[in-house]
Amino acid sequence: MNASAGGSASGTPLLSLQDVQVSYPTRGFRSPPLTVLDGISLDICEHETVGLVGESGSGKTTLGRALLGLAPVTGGRVVFGGRDISTLSRAERRRTAKDLQVVFQDPYSSLNPAMTIEDILTEPLLARGEKGGRDIVRRLLDQVHLPQDAGRRLAREFSGGQRQRIAIARALVLDPKLVVCDEPTSALDMSTQARILTLFKEIQETTGVAYLFITHDLAVVRAISHRIAVLLQGKIVELGSAAQVTGDPQHPYTQRLLMAAPVADPVAQRERRVERQRLLERQAERPSEVVDTPR
Ligand SMILES: Nc1ncnc2c1ncn2[C@@H]1O[C@H](COP(=O)(O)OP(=O)(O)OP(=O)(O)O)[C@@H](O)[C@H]1O
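Quick caveat, the model's predicted, so the values are computed rather than measured.

### Section: the UniProt feature "domain: ABC transporter" (unreviewed entry) in the protein
- Here, UniProt's "domain: ABC transporter" (unreviewed entry) annotation points to residues 15-258.
- Taken end to end, residues 15-258 has its terminal C-alpha atoms 28 Å apart, with 36% of it in helix and 26% in strand.

### Quick word on the site of the ligand
- If you check the shell around the ligand, you find Y24, L34, V36, G54, S56, G57, S58, G59, K60, T61, T62 and H216 and nothing else.
- Within the residue set of the shell around the ligand, elements represented by two or more residues are β2 (34-45) and α1 (60-67).
- When residues in the shell around the ligand are grouped by element, the largest group, three residues, is from α1.

### Looking at the sheet that holds strand β1 (residues 13-24)
- Pairing within the open sheet is antiparallel, and its four strands lie in the order β2-β1-β4-β5. Lying at the two open borders of the sheet, with one neighbouring strand each, are β2 and β5 (83-84).

### Focus on the confidence of the model for the protein
- Of the residues in the protein, 85% have a pLDDT of 70 or more, and the chain-wide mean is 87.
- For the stretch residues 289-295, pLDDT sits under 50, and the model shows 13 contacts to residues farther than four places along the chain or on other chains.
- For this predicted complex, the interface confidence comes out at an ipTM of 0.97, alongside a pTM of 0.86.

### As for the pairing of strand β3 (residues 49-53)
- Along β3, five of the five residues are buried, which leaves the element largely enclosed by surrounding structure.
- Along β3, one buried face is formed by T49, G51 and V53 and the opposite face, lined by V50 and L52, is buried too.
- The pairing of β3 with strand β8 (residues 210-214) spans four bridges and is parallel. Bridging from a neighbouring strand, T49 pairs with Y211 of β8.
- Sheet topology note: the β3/strand β9 (residues 227-232) ladder contains four bridges and is parallel. Following the sheet pairing, V53 is matched in β9 by V230.

### Side note on the sheet that holds strand β10 (residues 235-241)
- Pairing is mixed in the open sheet, where six strands are placed in the order β6-β7-β8-β3-β9-β10. Since the sheet does not close on itself, it has two edges, and those belong to β6 (100-103) and β10, each with one partner. Across the sheet, the mean angle separating the axes of adjacent strands is 20° when strand polarity is ignored.
- In this sheet, β8 lies alongside strand β7 (residues 178-182) in parallel orientation, the contact comprising five bridges.

### A word on the domain arrangement of the protein
- Splitting the protein by domain gives domain 1 (1-99 + 176-249) and domain 2 (110-173).
- Relative to domain 2, the C-alpha centre of domain 1 lies at a distance of 25 Å.
- Between domain 1 and domain 2, the contact holds ten residues from the first and ten residues from the second.
- The greatest single-element share of the side of domain 1 that touches domain 2, amounting to five residues, is contributed by helix α6 (residues 190-207).
- Tallied by class, the residues present in the side of domain 1 that touches domain 2 amount to eight nonpolar, one polar and one charged.

### Here's the deal with the packing of helix α3 (residues 117-127) against helix α4 (residues 134-143)
- Remark: α3 packs on α4, axes separated minimally by 10 Å, with the N-to-C direction vectors making an angle of 105°. By the angle between their directions, the pair α3 and α4 is classed as roughly perpendicular. Judged by residue contacts, E118, L121 and T122 of α3 engage I136, V137 and L140 from α4.
- Of the residues that constitute the contact of α3 with α4, the class distribution is four nonpolar, one polar and one charged.

### Details of the nonpolar core
- Counting 74 residues, the largest nonpolar core has L67, L212 and V230 as the members making the most contacts within it.
- Taken domain by domain, the makeup of this core includes at least three residues from each of domain 1 (1-99 + 176-249) and domain 2 (110-173).
- When neighbours within four sequence positions are excluded, L67 is seen to be in contact with L15, L17, V78, L100, V180 and L212.

### Some thoughts on helix α5 (residues 160-172)
- The end-to-end C-alpha distance of α5 is 18 Å, a good match for the 18 Å that 13 residues give at a rise of 1.5 Å each.
- Burial of α5 is extensive: eleven of the 13 residues sit out of reach of the surface.
- Those residues of α5 that fall on the buried side of the exposure criterion are Q162, R163, Q164, R165, I166, A167, I168, A169, R170, A171 and L172.
- The elements touched by buried residues of α5 are β6, α3, α4, β7 and α6.

The rules behind each value
- Residues numbered from 1 in each chain as written.
- Predicted model: local features only at pLDDT ≥ 70, side-chain atom pairs only at ≥ 80, totals over all residues.
- UniProt positions renumbered as here; feature names shortened; annotations may be inferred.
- Helix = DSSP H or I, 4+ residues; strand = E, 2+ residues; numbered from the N terminus.
- Near = placed C-beta within 6 Å.
- Pairing = 2+ DSSP bridges.
- pLDDT = per-residue confidence, 0-100.
- Contact = placed C-beta atoms within 7 Å.
- Buried ≥ 20, exposed ≤ 12 C-beta atoms within 10 Å, placed from the backbone.
- Axes fitted to C-alpha atoms, helices over the stretch in contact; angles between N-to-C directions.
- Domains from an automatic or database assignment.
- Nonpolar A, V, L, I, M, F, W, Y, C, P; charged D, E, K, R; others polar.
- Parallel < 35°, antiparallel > 145°, perpendicular 65-115°, else oblique.
- Core = buried A, V, L, I, M, F, W, Y, C linked by C-beta atoms within 7 Å.
- Expected span 1.5 Å × (residues − 1).

Right under this line is the structure:
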């Protein structure tokens, strides 16, 4: 996979979202369904990380859920292994589920605090009627750089960063082809965040796994992604290589998203504020391009 690929994926797509729509029924009598995603088309290749950014409520988690077969796909197709997995029966979906895994944001609520790490890591195998075993646990702990004695300890004995390593190991136990990472570093401090991002990259290098990396943090998405998709009100408004989207954004919404991202250097921050003001003024003169300003 060519990491510097532009808007289109450069290998054979592992998973392909084709004109996907997700709508939820609403409660009111005769009120129309709520369309959360509309016209989403996106390919993800082996060995590729596609970052997904957008403000809160834009539909990032829903897109991840659609890809995992957990959101109601009301239009379009989610093609994986040559099949539309949005129409599979529950039993068929269980078979596909092996290849598509997820790591959530909160390492505290996503792991049972009273289970041993060994039990947490082997649970997905046992649930599928496969054998667990010490060797597998040993390999996984190694892969996420946790000590071997971690297997016998309880999840509640670990820090946030260590728990996220355990959650990553659990996502890897079935050798998935694609992992949806839903804000997996948002609950961590900066240095732990950097170490976890390095771990994700290292795992991709050795296994070839693909990631859909959901985050509202542009610094994170820039650090990890080959390509970035920008979501606004349920639609992808920009899709390109990480370098293009962050260095030469084309859509006014992406431009403002980047302007709103914090920078560490106060001088750069001041310059950014002035630039942002100019951008807003320019865009106010072209109202047809005006969209919601990111927070
Ligand atoms: N099960 C559901 N039923 C009805 N509406 C839902 C459901 N799940 C999500 N939504 C709505 O879909 C929209 C998008 O939600 P989603 O969680 O995908 O956004 P997000 O971009 O991931 O936000 P955040 O960054 O805050 O997590 C929201 O308006 C939300 O209320």
